[in-house]
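# Examination of the molecular architecture
One letter stands for each residue in the lines below.
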Amino acid sequence: MSAASCLLTEDQFLCSICLDVFTDPVTIPCGHNFCQTCITKHWNTNVPCQCPNCKQVFYTRPELRVNTFISEMAAQFRQSAQQKASSSSEQQVAKPGEVPCDVCTGTKLKALKSCLVCLASYCETHLEPHLTASRLKRHQLIDPVENLEGRMCTKHDKLLELFCKTDQTCVCMLCTVLDHKAHDVVPLKEEYEDKKAELRKTEAEIQQLIQERRLKIQEIKRSVELSKEDADREIAGGVQVFIALMENVERSQAELIDTIREKQRKTEKQAEGFIQELEQEISELKKRSSELEQLSRSEDHLHLLQSLPSLNAAPPTKDWTEVSVRPPSYEGTVVRAVNQLEETLSKQMKKLFEAKLKRVQQYAVAVTLDPDTANPRLILSDDGKQVKHGDVKKNLPDNPERFDTCVNVLAKQSFSSGRFYYEVQVKGKIDWDLGVARESINRKGKITLSPQKGYWTICLRNENEYSAFAGPAVRLSLKSQPETVGVFVDYEEGLVSFYDANAAALIYSFTGCCFTEKLYPFFCPSLNYGGKNSAPLIIAPVSHSE
């Protein structure tokens, strides 16, 4: 019975009324089958009784009995259909973009593998023979792909299973003996492994580039954060200085006004005293004048003569001839106030430069002199930290890096980005040049120091004449002679600043510079001048100012 049921179709077990698999099937006299419930309900609503399929009329309602044979067949079919549906539900239906099974009819299931021999793709069910049959086990299975025909040689209709390294193309076996004879041919898998290794290497390089760029992003963000911190600190310091300056200006102004007004008040008080005395004397004089006028009108001879002596005596008065009120002198009051304010401003500026110097000293770098660049008349210390002029010219190779005429020397270290700072002791010297120079400077013959020639330097001449070689030279006015000069460079900002490290004062700044090459610290101890300028230039350790 089970074998027979496999020959029956689904339609033979469907009730034509409910269109579902039979439940308690009954056979009516005309031979057609229906669910017992379905035909009963149909006849209850339709008189006379007739077959829903052939329309045969039964004038006497037939007695209905369940057909046990069909009932058993329907139950088996229902169970088989459920198992089939369950199996189909476990396998996924091929979605758009997925490779479908080439064997499935009706609903196409998703292929699990493709066979390079059969040139077909199979779902789990139809893949079974390739996994069990010994003949099919030898076939090459790969992950499901579309267009398997594209894996065949279009010229020889053979599988593309080799790779021609010479022509960088996939070929079949016949290609190697015909069109690609004597070419470097390897199995497809071997080239696949090589290319895959290259891809892994390329992927690793890409990942490295990604990581480097992520680190660069972090570096840039950190730079922005540091820049913001510097800006906030600079603003806070600047605001503090200007607040102090404004307070000092306002205080000096108030003191100036109070001083002038106090002088004016003293003058007014003195004048009020004089006026009060004068008004008192005028009052006394008026009183005497009135008495004299009244006595002059008297007709009593005796009274006039007796009273006249006492009235003739002049009332006590002051000699006002030399008395005067002189306006106070304000000469120098404003000047003294401004000088006092200037002194206060100088103190504030000193504090400002001390803070500035402390910040740039954070970028201190180690610098040593490069003997390969030193003029033959220069004497360098063994540690490369001191240089002075000697009277004897040493026999040294005239390499391209060496200064042959001017007594100059560069540092070994170069800088092409960021900030750096170093200090040079110039104590005891009457002549020197200091600064930075770009890599491509001219080092032979007479040299002109200027930014246009690649030098950013300051100098001392004749003991107390300081200048900046800004092209033309700028004369510098310094309050004191520096004993240690600090040199600070901000490459990206285009800034070269010189400081009096001991006085914490700015000497000079080159601004708006455009650096495109390496920069080297530059030193010129100048000539010996018979021993007057024998003190060396000394690269000093940076002592951070407090």
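Look up a bit, the structure's there.
Numbering of residues begins from 1 in every chain and follows the order in which that chain's sequence is written. The predicted nature of this model means local features are confined to residues of pLDDT at least 70 and side-chain atom pairs, given and counted, to a pLDDT of 80 or more, with totals for whole chains, interfaces and linings taken over all residues. To obtain the side-chain values, all non-hydrogen atoms of the structure were included, while hydrogens and water were left out.

The next subject is the overall build of the protein. A helix here means a DSSP run of H or I that spans at least four residues, while a strand means a run of E at least two residues long, and both kinds are numbered starting from the N terminus. Per the secondary structure count, the protein includes 9 helices and 23 strands. The globule rule used here is 2.2 Å times the number of residues to the 0.38 power, and the radius of gyration it is set against is calculated over C-alpha atoms. Relative to a compact globule of 546 residues, whose C-alpha radius of gyration would be 24 Å, the protein shows 58 Å and is clearly more extended. Expressed along its principal axes, the backbone C-alpha trace of the protein runs to roughly 190 × 105 × 35 Å. Looking at the 546 residues of the protein, the share that counts as buried comes to 32%. Per-residue accessibility, obtained with a 1.4 Å probe over protein chains only, is compared with the maximum for each type, and a residue is labelled buried under 20%, exposed over 50%, and partly exposed between these values.

So, on to the packing of helix α7 (residues 188–296) against helix α9 (residues 333–360). Convention adopted: a line fitted to C-alpha atoms gives each axis, helices being fitted over their contacting stretch, and angles between N-to-C directions are expressed from 0 to 180 degrees. Interaxial distance between α7 and α9 falls to 10 Å at its minimum, and their mutual angle equals 165°. In terms of orientation, α7 lies roughly antiparallel with respect to α9. Classified by chirality, the crossing of α9 by α7 is right-handed. Under the grouping applied here, Gly and all other residues not named as nonpolar or charged are polar, the nonpolar ones being Ala, Val, Leu, Ile, Met, Phe, Trp, Tyr, Cys and Pro and the charged ones Asp, Glu, Lys and Arg. For the contact of α7 with α9, a count of residues per class yields 11 nonpolar, 7 polar and 5 charged. These descriptions rest on fixed angle ranges, namely under 35 degrees for roughly parallel, over 145 for roughly antiparallel, 65 to 115 for roughly perpendicular, and the rest for oblique. Handedness of a helix crossing follows the sense of rotation of the near helix relative to the far helix, less than a right angle counterclockwise being left-handed and clockwise being right-handed.

Between Lys or Arg on one side and Asp or Glu on the other, a salt bridge is scored when a side-chain nitrogen of the former is within 4 Å of a carboxyl oxygen of the latter. Across all of its chains, the model carries 22 salt bridges by this definition. Between Arg-222 and Glu-225 there is a salt bridge, and its shortest N-O distance comes to 3.1 Å. On the criterion of helical spacing, the pair formed by Arg-222 and Glu-225 is a turn pair, its members being 3 residues apart in helix α7. For Arg-222, a relative accessible area of 40% corresponds to the partly exposed category. Glu-277 is the salt-bridge partner of Lys-318, the closest N and O atoms lying 3.7 Å from each other. One end of the pair, Lys-318, is in the loop between α8 (301–312) and α9; the other, Glu-277, is in helix α7, and 41 residues separate them in sequence. Judged by its relative accessible area of 37%, Lys-318 is partly exposed. Using a relative accessible area of 35% as the deciding quantity, one classes Glu-277 as partly exposed. What you see here is one network of salt bridges that share partners, running through Asp-230, Arg-233, Arg-419 and Asp-490.

The next point concerns the pairing of strand β21 (residues 505–510). On a regular strand, each side chain points to the face opposite its neighbour's, so the side chains alternate between the two faces of the sheet. By definition, two strands form a pair when at least two bridges between them are found by DSSP. Relative to β21, strand β20 (residues 495–500) runs antiparallel, the two being bridged by 5 bridges. What sits directly across from Ser-497, in β21, is Ser-509. A loop of 4 residues connects β20 with β21, the two strands running antiparallel in sequence, and Ala-504 in this loop sits at a positive phi of about 55°.

Quick look at the sheet that holds strand β22 (residues 519–524) now. The strand order β13-β22-β15-β16-β17-β18 describes an open sheet built from 6 strands, whose pairing is antiparallel. For this open sheet the edge positions go to β13 (409–410) and β18 (474–476), each flanked by a neighbour on one side alone. Note: β13 against β22, 2 bridges, orientation antiparallel. Across the sheet, residue Leu-410 finds its bridge partner in β22, namely Phe-522.

A few words now on a negative patch on the surface. A cluster of acidic residues, Asp-184, Glu-190, Glu-193, Asp-194 and Glu-198, forms a negative patch at the surface. As for its position among the elements, Glu-193 is in helix α7. By definition, no residue in a patch forms a salt bridge, and every one has over 30% relative accessible area; like charges are joined within 9 Å, nonpolar side chains (Val, Leu, Ile, Met, Phe, Trp, Tyr) within 5 Å. Calculation of accessible area relied on Shrake-Rupley with a 1.4 Å probe; when residues are assessed, cover is drawn exclusively from the protein chains displayed. Positive charges are assigned to Lys and Arg, negative charges to Asp and Glu, while His and the chain termini are left out of the count. Lysine's charge is taken at NZ, arginine's at CZ, aspartate's at CG and glutamate's at CD.

Describing an aromatic ring pair means giving the distance of the ring centres and the angle of the ring planes. For Phe, Tyr and Trp, rings pair up if their centres lie within 6.5 Å, where Trp contributes its six-membered ring, and each pair is then called stacked (planes under 30 degrees apart), edge-to-face (over 60) or tilted (otherwise). Scanning all chains against the criterion turns up 12 aromatic pairs. Centroid distance Phe-403 to Phe-522: 6.4 Å. Interplanar angle 75°. Geometry classified as edge-to-face. Of this pair, Phe-403 sits in the loop between β12 (386–389) and β13 while Phe-522 sits in strand β22, placing them 119 residues apart in sequence. Given the relative accessible area of 0%, Phe-522 is considered buried. Judged by centre distance (5.0 Å) and plane angle (80°), the ring pair of Tyr-508 and Phe-510 falls under edge-to-face. Of the residues examined, Phe-510 reaches a relative accessible area of 5% and is grouped as buried. Each member of the aromatic cluster is reached from another via a ring pair, and the members are Phe-403, Tyr-455 and Phe-522. Only when the NZ atom of a Lys or the CZ atom of an Arg is both within 6 Å of the ring centre and within 35 degrees of the ring normal do we say a charge sits over the ring. The positively charged end of Lys-318 is found above the aromatic ring belonging to Trp-320, 4.7 Å away from the centroid.

Below, the discussion takes up the sheet that holds strand β7 (residues 141–142). In spatial order, the strands read β6-β5-β7; together these 3 strands make up an open sheet with antiparallel pairing. Each having just a single partner strand, β6 (120–122) and β7 make up the two edges of the open sheet. Relative to β6, strand β5 (residues 113–115) runs antiparallel, the two sharing 3 bridges. Looking across to β6, one finds that Lys-113 is bridged to Tyr-122. Across the sheet, helix α4 (residues 124–132) is in contact with β5, β6 and β7; its angle to β6 comes to roughly 110°. By the convention used here, residues are in contact when the closest approach between their heavy atoms is within 4.5 Å.

Let us look at unusual backbone geometry. Put simply, Gly-471 and Pro-472 share a cis peptide bond, and its omega is 5°. If you trace the backbone, Pro-472 turns up in the loop between β17 (465–468) and β18. Phi is positive for Lys-55, close to 70°, though the residue is something other than glycine. Residue placement: Lys-55 occurs in the loop between β3 (49–50) and β4 (57–58). Residues other than glycine seldom take positive phi values, yet Ser-526 does so here, at roughly 65°. Structurally, the position occupied by Ser-526 is in the loop between β22 and β23 (537–540). A relative accessible area of 8% places Ser-526 in the buried class.

As a further point, take the pairing of β17. Direction of pairing for strand β16 (residues 455–461) relative to β17: antiparallel, over a ladder of 4 bridges. Its bridge partner lying in β17, Leu-460 is registered against Tyr-466. If you look at the hairpin formed by β16 and β17, you'll find 3 residues sitting between the two strands, and Asn-462 has a positive phi there, around 55°. By the bridge criterion, 3 bridges tie β17 to β18 in an arrangement that is antiparallel. Along β18, the bridge assignment pairs Tyr-466 with Leu-476. Count of turn residues in the β17/β18 antiparallel hairpin: 5 residues, of which Gly-471 carries a positive phi of about 65°.

Our next topic: helix α2 (residues 36–45). Residues of α2 that are buried include every one of Cys-38, Ile-39 and Trp-43, and no others. In an axial view of α2, the angular spread of the buried residues amounts to 120°, which keeps them on one side of the axis. In α2, the exposed positions angled more than 90 degrees off the buried face are occupied by Lys-41 and Thr-45. Looking at the buried positions of α2, the neighbouring elements they touch are β1 (25–27), β2 (33–35), β3 and β4. This arc corresponds to the set of directions leading from the helix axis out to the C-beta atoms.

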